[in-house]
Amino acid sequence: MLTQQTLPDEYRQLDDERLESIIRRRREQLGKRLCILGHHYQRDEVIKFADFTGDSLKLSRQAAEQADAEFIIFCGVHFMAESADILSADNQKVVLPNLEAGCAMADMADVPAVEEAMEELSEMTDERIIPVTYVNSAAAIKAATGRSGGACCTSSNARRVFEWALRGEADGGAGGGKIFAIPDRHLALNIAVDMGYTPEDCVVYEPNKLNGGLTADDVAAAKFILWRGYCYVHQLFTPEHVHGVRRRHPDIRVIVHPECPYEVVQLADDVGSTEQIIRTLDAAEPGSKWAVGTESNLVNRLAKKHKDKFIRVLSDAPASCFQMARIDLPHLAWALDNLAEGNPVNHITVEPEIAADARTALERMISI
Ligand code: SF4
């Protein structure tokens, strides 16, 4: 297991100007050998150094396309760097500047618990259960999904993947009677309802309880079994935020990410992945007003970009991803100094067997 290499104190003591000059110099020195990827939720002072910005999957694909780039610095969180390693070429090294940049939601599911859940559920029903795993998960969970005949999904293609999972094999589907959705319960419930099912068709599997806290009758009645995970950033949005912003701005449109709770998604005007939110706001009419239910760094950046539109975070308090914020200028400068000196720190490698099974789940998703 990779352990965090400690950031030397000298980097913490440098001011932003000095850190930025180190980063610029090292980028110039490494040239095309280096590609820096920045997730949309990343802080401004870091993302400005990114060669490409995007959501996690788009960035992993970008990484794979940069054939000249020997080093990929991923300014995101751990599962994203793992996906980049899985999808990039063998000669490319992926670096996460700070290993403490994990994802609280991805950490809510581990392989022994997921495999135990699959066994318990299959003992409670004769119907085939297809795991569908959100890309916001560890490589080992993606691998377990691939081995069990399931697929990964993103927030923008989740409905297509769910439909594939439930379609008969003769029609090119997985022939599932039920879906086991890991790890985000909110995304799965929102997609199930979007497909025409109801919340009563879904049950939540509690990993700390025997049989997930479910009876055989619960499982028999459910079409969707939802792992009890969530993103704390998106879960903080509430129906009261929607009502409050509409009271203050009657003509505002509310757009939210599908990781938000069901009650919030039901009240919103539009729902979409990070990339879909960006496209919607880019195309919105000048003078239009938007309250956005997703991470604050992205929303504030969109507000700065579109000064002719009123754009704000849906909640009054910021919705910040603290894990993403652990990638900062000192860690980026330190990672680049070490790369340039031929001594990569925090090099993310996924074991070949896990990578192969995880790739199966990712490639199934891509082919759907
Ligand atoms: S915003 Fe949520 S899902 Fe995304 S990295 Fe942060 S904790 Fe994970």
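About the criteria used
- Residues numbered from 1 in each chain as written.
- Predicted model: local features only at pLDDT ≥ 70, side-chain atom pairs only at ≥ 80, totals over all residues.
- Near = placed C-beta within 6 Å.
- Nonpolar A, V, L, I, M, F, W, Y, C, P; charged D, E, K, R; others polar.
- Domains from an automatic or database assignment.
- Contact = placed C-beta atoms within 7 Å.
- Helix = DSSP H or I, 4+ residues; strand = E, 2+ residues; numbered from the N terminus.
- Buried ≥ 20, exposed ≤ 12 C-beta atoms within 10 Å, placed from the backbone.
- Pairing = 2+ DSSP bridges.
- Axes fitted to C-alpha atoms, helices over the stretch in contact; angles between N-to-C directions.

Caption draft 1: Structural view of the site of the ligand. Near the ligand, the surroundings consist of Tyr41, Val77, Cys103, Ala104, Met105, Asn136, Cys231, Val233, Glu295, Cys321, Gln323 and Met324. Of the residues in the shell around the ligand, the class split is nine nonpolar, two polar and one charged.

Caption draft 2: View of the domain arrangement of the protein. Taken domain by domain, the protein consists of domain 1 (9-102 + 323-350), domain 2 (106-231) and domain 3 (237-313). Inter-centroid distance (C-alpha atoms) of domain 2 to domain 3 is 28 Å. Contacts between the two partners involve twelve residues from domain 2, matched on the other side by eleven residues from domain 3. Per-class residue counts for the side of domain 2 that touches domain 3 are six nonpolar, five polar and one charged.

Caption draft 3: Region of interest: the environment of Ser56. Position of Ser56 relative to the elements: it lies in helix 4 (residues 56-65). Of the residues examined, Ser56 has 26 C-beta atoms within 10 Å and is grouped as buried. Separated by 17 residues in the primary sequence, Ser56 and His39 have C-alpha atoms spaced 6.6 Å apart. When sequence neighbours within four positions are dropped, the list of residues in contact with Ser56 reads His39, Gly76, Met80, Ser83 and Val135.

Caption draft 4: Local environment of the sheet that holds strand 7 (residues 178-182). Reading across the sheet, the five strands line up as 6-5-7-9-8 and stay open at both edges, with parallel pairing between neighbours. Of all the strands in the sheet, just strand 6 (151-153) and strand 8 (202-205) have a single pairing partner and so form its edges. For this sheet, the mean inter-axis angle between neighbouring strands, taken without regard to orientation, is 30 degrees. Both strand 7 and strand 9 (residues 224-227) contribute to a ladder of three bridges, which runs parallel. Bridge assignment links Ala181 to a residue of strand 9, and that residue is Leu226. Sitting on the sheet, helix 9 (residues 185-194) touches strand 5 (129-134), strand 7, strand 8 and strand 9, and the angle it makes with strand 9 is about 160 degrees. Strands strand 5 and strand 6 of the sheet are contacted by helix 17 (residues 352-367), whose axis makes an angle of about 65 degrees with strand 6.

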